[in-house]
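# Fold and geometry: a report
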Amino acid sequence: MDRWLKTESLTSNRGVPSAESSNNLQQENAVVTLTLMHMFGVCTASLSSLGLMRLLGVPWSWSLAATLGVYVGSGGWRFLRIILKTALRDLFGLSVLLRVKYELREHQRAKNTIPKIFQDVVCKHPHKVALIYEANDEKWTFQQLDEYSNAVANFFYDQGFRLGDVIAIFMESRPEFVGLWLGMAKVGIEAALINFNLRLDSLVYCVTTSGAKAVIFGGELAADRLFYIYTSGTTGMPKAAIVVHSRYYRIAAFGYYAYRMHPEDILYNCLPLYHSAGNIMGVGQCLIYGLTVVIRKKFSASHFWDDCIKYKCTIIQYIGEICRYLLNQPVREAEAQHHVRLAVGNGLRPTIWEDFTRRFRIKQIGEFYGATECNCSIANLDGKVGACGFNSRILPSVYPICLVKVNEDTMELIRDSSGLCIPCSPGEPGLLVGRINQQDPLRRFDGYVSEGATNKKIACNVFQKGDQAYLSGDVLVMDELGYMYFKDRSGDTFRWRGENVSTTEVEGILSHILSQTDVAVYGVEVPGVEGKAGMASIADPKAKLSPNAMYQELQKVLPPYARPVFLRLLPQVDTTGTFKIQKTRLQREGFDPHQISDRLYFLDLKLGKYVPLDECLFEKICARKVTL
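Throughout, a residue's number is its position along its own chain's written sequence, starting from 1. Two thresholds apply to this predicted model, a pLDDT of at least 70 for residue-level local features and 80 or more for giving and counting side-chain atom pairs, whereas whole-chain, interface and lining totals are computed over all residues. Excluded from the side-chain calculation are hydrogens and water; included are all heavy atoms of the structure.

We now examine the overall build of the chain. Of the regular secondary structure elements, the chain holds 17 helices and 28 strands. The buried share among the 628 residues of the chain stands at 54%. Values of accessible area rely on a 1.4 Å probe in the Shrake-Rupley scheme; residue burial ignores everything except the protein chains shown. Accessible area for the chain stands at about 27,800 Å²; split by element, carbon and sulfur atoms hold 55% of it. By definition, any uninterrupted DSSP run of H or I lasting at least four residues is a helix, any uninterrupted run of E lasting at least two residues is a strand, and each is numbered from the N terminus. Residue burial is assigned from relative accessible area. The probe radius is 1.4 Å, only protein chains are included, and a residue is buried under 20% of its type maximum, exposed over 50%, and partly exposed in between.

Side-chain alternation along strand E9 (residues 292-295) places Thr-292 and Val-294 on one buried face and Val-293 and Ile-295 on a second face that is also buried. What makes two strands pair is DSSP finding at least two bridges between them. For strand E1 (residues 129-133) and E9, the ladder comprises three bridges, and the chain directions are parallel. Among the inter-strand pairings, Tyr-133 is bridged to a residue of E9, identified as Ile-295. Bridge count for strand E8 (residues 266-269) against E9 is four bridges, and the pairing is parallel. Following the sheet pairing, Leu-267 is matched in E9 by Val-293. Read as a crossover between parallel neighbours, the route from E8 over helix H9 (residues 276-289) to E9 is right-handed. Orient the strands so they point away from the viewer, and a crossover whose first-strand-to-second-strand path over the helix runs clockwise is right-handed.

Before going further, it helps to examine unusual backbone geometry. Not every positive phi belongs to a glycine, and Asp-137 is a case in point at roughly 60°. With respect to the helices and strands, Asp-137 occurs in the loop between E1 and strand E2 (138-141). In this model, Ser-515 sits at a positive phi of 60°, which is unusual for a non-glycine residue. When you line up the elements, Ser-515 lands in the loop between helix H14 (503-513) and strand E24 (519-524).

Moving on, we get to the state of the cysteines. By definition, disulfides here are pairs of cysteine sulfur atoms that lie within 2.5 Å. This structure, assessed with the given rule, holds zero disulfides. With no disulfide of its own, Cys-421 has Cys-402 as its nearest cysteine by sulfur position, at a separation of 8.5 Å. On the accessibility criterion, Cys-421 (6% relative accessible area) is buried.

The subject of this paragraph is helix H17 (residues 615-622). For H17, every residue scored as buried is listed here: Leu-617, Phe-618 and Ile-621. Along H17, the residues classed as buried sweep out an arc of 105° about the axis, all on the same side. Pairs of residues are marked as contacts when any of their non-hydrogen atoms sit within 4.5 Å. Buried residues along H17 sit against strand E26 (566-570), strand E27 (599-604) and strand E28 (609-612). One side-chain oxygen of the residue at the start of H17 lies 3.3 Å from the amide nitrogen of Cys-616, identifying that residue as Asp-614. Backbone geometry just downstream of H17 places Arg-624 in the positive-phi region, at approximately 65°. Within this analysis, the arc is defined by the directions that extend from the helix axis to the C-beta atoms. N or O atoms closer than or at 3.5 Å make up a polar contact, with two conditions inside protein: a donor-capable atom paired with an acceptor-capable one, and, for residues adjacent in sequence, both atoms drawn from side chains.

Below, the discussion takes up helix H15 (residues 547-557). Burial in H15 covers these residues: Pro-547, Met-550, Tyr-551 and Leu-554. The buried residues of H15 occupy an angular sector of 105° when projected down its axis, which confines them to one face. Against the buried residues of H15 lie H14, strand E25 (533-539), E26, E27 and E28.

Here we take up the nonpolar core. Ile-169, Trp-181, Phe-227, Tyr-248 and Leu-287 are the most contacted members of the largest nonpolar core, which has 107 residues in total. Sort the elements by how many residues they give to this core and helix H8 (residues 245-258) lands first, with eight residues. In this view, Ile-169 contacts Phe-177, Leu-180, Trp-181, Met-184, Ala-191, Ala-192, Leu-193, Ile-194 and Ile-216; residues no more than four positions away in its chain are not counted. We call a set of buried Ala, Val, Leu, Ile, Met, Phe, Trp, Tyr and Cys residues a nonpolar core when their side-chain atoms join them within 4.5 Å.

Stacked, edge-to-face and tilted labels apply to pairs of Phe, Tyr and Trp rings (six-membered ring for Trp) whose centres lie within 6.5 Å, assigned for plane angles under 30 degrees, over 60, and everything in between, in that order. One pass over the structure, following the stated rule, counts 23 aromatic pairs. Their ring planes at 75° and their centres at 5.2 Å tell us that Phe-155 and Phe-156 sit as a pair that is edge-to-face. With relative accessibility at 46%, the residue Phe-155 sits in the partly exposed group. Geometrically, the ring pair formed by Phe-156 and Phe-161 is edge-to-face, given 5.7 Å between the ring centres and 80° between the ring planes. Owing to a relative accessible area of 8%, Phe-156 belongs among the buried residues under this scheme. Through a chain of ring-to-ring contacts, the aromatic side chains of Tyr-268, Phe-299, Phe-304, Trp-305, Tyr-325, Phe-356 and Phe-360 assemble into a single cluster. The positively charged end of Arg-89 is found above the aromatic ring belonging to Tyr-483, 4.6 Å away from the centroid. One Lys or Arg, Lys-384, reaches over the ring of Tyr-483 and ends 5.4 Å from the middle of that ring. Cation placement over rings: the criterion is NZ of Lys or CZ of Arg within 6 Å of the ring centroid and within 35° of the ring normal.

A pairing counts as a salt bridge when a side-chain nitrogen of Lys or Arg comes within 4 Å of a carboxyl oxygen of Asp or Glu. Under the counting rule described, the total for this entry stands at 30 salt bridges. When the shortest N-O distance is used, the salt bridge between Arg-109 and Glu-106 registers 2.6 Å. Residue Arg-109 and its partner Glu-106 are located together in helix H3 (residues 76-109), separated by three residues, close to a single helical turn. On the accessibility criterion, Arg-109 (63% relative accessible area) is exposed. Put simply, Glu-172 and Lys-297 hold a salt bridge, and the shortest N to O gap is 3.8 Å. Under the relative-accessibility criterion, Lys-297 is labelled partly exposed at 37%.

What follows concerns the sheet that holds strand E13 (residues 378-379). Read from one edge to the other, the open sheet built from eight strands follows the order E2-E1-E9-E8-E10-E11-E12-E13, with strand pairing classed as mixed. Strands at the two margins of the open sheet, each flanked by one partner only, are E2 and E13. Pairing of E1 with E2, which is carried by four bridges, proceeds in the antiparallel orientation. Looking at E2, one finds that Leu-131 is bridged to Trp-140. Taken strand by strand, helix H6 (residues 175-186) contacts E1, E2 and E9, and its axis lies near 130° from that of E1. Axes here refer to lines fitted to C-alpha atoms; in helices the fit is confined to the stretch in contact. Angles between the N-to-C directions go from 0 to 180 degrees.

Right, here's the structure in full:
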């Protein structure tokens, strides 16, 4: 046996391509051909007119002017504008896509795994620092990380664990976390990475559904496949997403090439390692490309920039509300003395985007969209404010993703007369979907441990008859140039007074008005009233917030239907371990003062202000004796 055992390679294919693979390739070629025909249809007509005029003996200058007139008059100027504004962006995006696809194929041919790729990095620079642990300034070289992971592999193999067995890791972020799952992967043991914030039922659920035969836990927590990463569980129990070797490589590689990272970079990672952003986008740069990664056990807004200076970081990671928490800190000298050039992550609100880059002097924001398990990830490559990515308007079928029309109340797909989904036009919100091709590592969907959960994320007959597509569950909107903007998670949009209200949009505006305060917005049912009334839960630990001063500002920036009908002022708003606002409990409790001890307010339209919501007023609202 070698220093570690061979495990699954980056590819799940074996043998020659299947008939399904050939059919998929033919279908893709056909789609590209149709797209090109559509693109140049107007040009062809114009060129035909040019040829005709030349036959009639008209001078070239006249013919060219007439041809241009035909093209522009038929709307071709819009397409020319799109080409001029997006060609360089699209070419760079295409180069990243092709480079990642080429390298994935090379690794497939060599039957490489993540541990094997890491071995090559170790051989290149064994004594370079791989991981720095902020808690005690501990430094691990690539050789030390390799030796630790080998010891882990040998230990578990000696204990009788074999290929396909699952072991849960339940510990805080630190270098051992990386060494444990990496060592397990060397002998084909699958790690279930458990959120260390979980307790009681949620913890038991995650461990048992993984099928783990053992649990590794840190002492601080005592009172085909690479590993499982659990979804954040913002709308229910977490789901165990399967991460195969090719998916790990793909996520890390796209980040590396899309944002022009290089091995000399030092990346600051304060995100939990049980999450894909911290463990793949972050640690993946170390294991695959040889960057030094600084691991912080827990995010600290007050120590963030001091750490970046101390460790000479050039890249930082963010997720969820981290950027807002940093902006909410008092201005300090350290925030202008760092060498960070790139911030990579997702969830940066458009309302604070420019404030963040200006105050902290960040040259590039690498915002991206992509769940751990999805096949329709997109990335903002050129810093377009507010955009989480793009898809080419020139050749959209090169990357087969699409926004399709849905019923925003039920999130059901809307189909045309032939049974296919209806693509959204620019400016129309829609559900992001990605065509599934299990033979293509960039477009496969590996799903979850639960087959039922997997099936719920797949739809048939989306782009064309007989195909399958991954349903992201997220509503986005695309502009004329192909830039995409996150609008809402599935189920977060609610309808009030005949209008759709985006909770994400209202949260961003409220938080901005209240100097980056934590805000959760959601819809609540009112007896006998159609739709859901907006409710905002706002963190107000010192009880200083004035609802009506806030309402004066809200009237300037939000339409009447989007202004929260109910307010709940509480010490803090629940968040997940990845800094996403948690609404499940708040939605369940609604606006009933019989069950809620926090301060509640109701927007009295006749008085034009928020009034305290007590039990008497609650009963009147439920009896429909008050105008909403």
